[in-house]
Amino acid sequence: MGTVYITQEDAFIGKVDERLHVKFEKTTILDVPLLKVDGVVVLGRATVSPAAVNELLQRQIPLTFLTDTGRYLGRLKPEMTKNIFVRKAQWNAAGDTPQAIHVVQGFVRGKLKNYRTTLVRRQRECADIDLSTFIHRLEQAIAPIDTTHNIDSLRGLEGAGSAAYFGCFDRMIRNMKFSFTNRVRRPPTDPVNSLLSFGYSLLCHDIQGAANIVGFDPYLGYLHCQRYGRPSLALDLMEEFRPVIVDAVVLSAVNKQFLKAEDFVQEPVSNAVSLTKEGRKTFLQLYAQKKQSEFKHPVLGRKCTYQEAFEIQARFLAKYLMGEIEKYPPLVVK
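What you see is a predicted model; the values in this text were computed from it and never measured.

Caption draft 1: Structural view of the sheet that holds strand β6 (residues 46–48). The sheet built from 4 strands is open, its strands ordered β4-β3-β2-β6 with mixed pairing. The open sheet has two edge strands, β4 (27–33) and β6, and neither has a second partner. Geometrically, the sheet is characterised by an average inter-axis angle of 20° between neighbouring strands, direction not taken into account. Two strands pair when backbone bridges link them, and strand β3 (residues 19–24) and β4 are joined in this way by 6 bridges, in the antiparallel orientation. Bridged to R19 within β4 is P33. Against the sheet, helix α1 (residues 50–58) makes contact with β2 (11–16) and β6, and its axis sits at roughly 60° relative to β2, the strand it touches most.

Written as structure tokens, this is what we have:
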């Protein structure tokens, strides 16, 4: 099963024998063996029993709380793993060190190459749209990455590549009921931006879990600046996964009409747009299916799920920082 998403407002999350048991108004809405659970995400308000908390901690299953619109609130997680050597290597590489510059190059290269693959694939599938200008701009941002040895400059290349990608994102939307002008985050004020933000919150939860398993401190990153309460390393590691998981799910949900305009609501004061309860369920199903889909890992040369790839990439990073491999290989899909 992987991650369990609980969307029912005022649900009660408990433990019955070796199972996670969720009820609402005395009716069981979920009953799953804890053996199959590797994470629990609560969207909105819910009550968690002490027995459930104790069991989740003992089984090292993180419990994450998001608002019903997907904004991160907090996380209850087991004690950090005992692998102090990973964290020591992580801290030793902090700053403008050669190791930090190398991994930032990898994060940016992976993200922008996956952006390019998305545009090339969409161009091939839709003969009536021309994305060549934006693909060229992405290639211009990718070309100098390997010869750029300053983290701020690498952030500039990442920004330029992202601007090119989102500059044509609207052209990849094939549903007249939806449109995209530019990336709006806090709060998202249109349906497409709300889906992107929601999806990135879910992805961050998954990547942070993988970083914890490997033994990292998820708050010390390299591409993303340190900020109180910000899981910078999780944000670093998720960059190469953004287009291949979240953006792909968003485009599929809109273009294949899994989600419709009536699946969204807008707050009257802030103009924030979010999914309805049923819309959230649909999106969560699509996201979970994408995580469990298989692909051939370009480095390992074997099939794995994207869920497994989260931990694989975190372990590659740990091996590089500890000097066990010469380079960090970002995940670049074909």
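Caption draft 2: Representation of helix α5 (residues 151–167). With 17 residues, α5 extends 24 Å between its outermost C-alpha atoms, agreeing within 8% with the 24 Å of an ideal straight helix rising 1.5 Å per residue. All of the buried residues in α5 are I151, L154, L157, E158, G161, S162, A164, Y165 and F166. Residues of α5 that are buried make contact with α3 (98–125), α4 (132–142), α6 (191–214) and α8 (242–255). The backbone nitrogen of D152 lies 3.0 Å from a side-chain oxygen of the residue at the head of α5, namely N150.

Caption draft 3: Representation of the sheet that holds strand β5 (residues 37–43) in the model. The strand order across the open sheet built from 4 strands is β1-β5-β7-β8, with neighbouring strands paired in mixed fashion. The sheet is open, and its two borders are formed by β1 (2–6) and β8 (72–76), each paired with just one other strand. With direction set aside, neighbouring strand axes in the sheet form an average angle of 20°. Its contacts with the sheet place helix α9 (residues 277–292) against β1 and β5, and it is angled at close to 175° to β1.

Conventions we followed
Per chain, residues are indexed from 1 in the order of the written sequence. Since the coordinates come from a predicted model, pLDDT governs what is reported: local features require at least 70, and pairs of side-chain atoms require 80 or more to be given and counted, while whole-chain, interface and lining totals use all residues. Side-chain measures here rest on the full set of heavy atoms in the structure, leaving out hydrogens and waters. A pair of strands is treated as paired once DSSP finds two or more bridges between them. Only DSSP runs of H or I reaching four residues or more are called helices, and only runs of E reaching two or more are called strands; each is numbered from the N terminus. For helices, the fitted axis covers only the stretch in contact; all axes are lines through C-alpha atoms, and the angles between them, taken along N-to-C directions, range from 0 to 180 degrees. For this analysis, residues touch if any pair of their heavy atoms sits within 4.5 Å. Under the convention used throughout, the expected extent of a helix is 1.5 Å for every residue step, that is, one less than its residue count. Working definition: with a 1.4 Å probe on protein chains only, accessible area under 20% of the residue-type maximum means buried, over 50% means exposed, and in between means partly exposed. Pairing of N or O atoms within 3.5 Å defines a polar contact, subject to two protein rules: one partner must be a possible hydrogen donor and the other a possible acceptor, and residues neighboring in sequence count only if both atoms are side-chain atoms.

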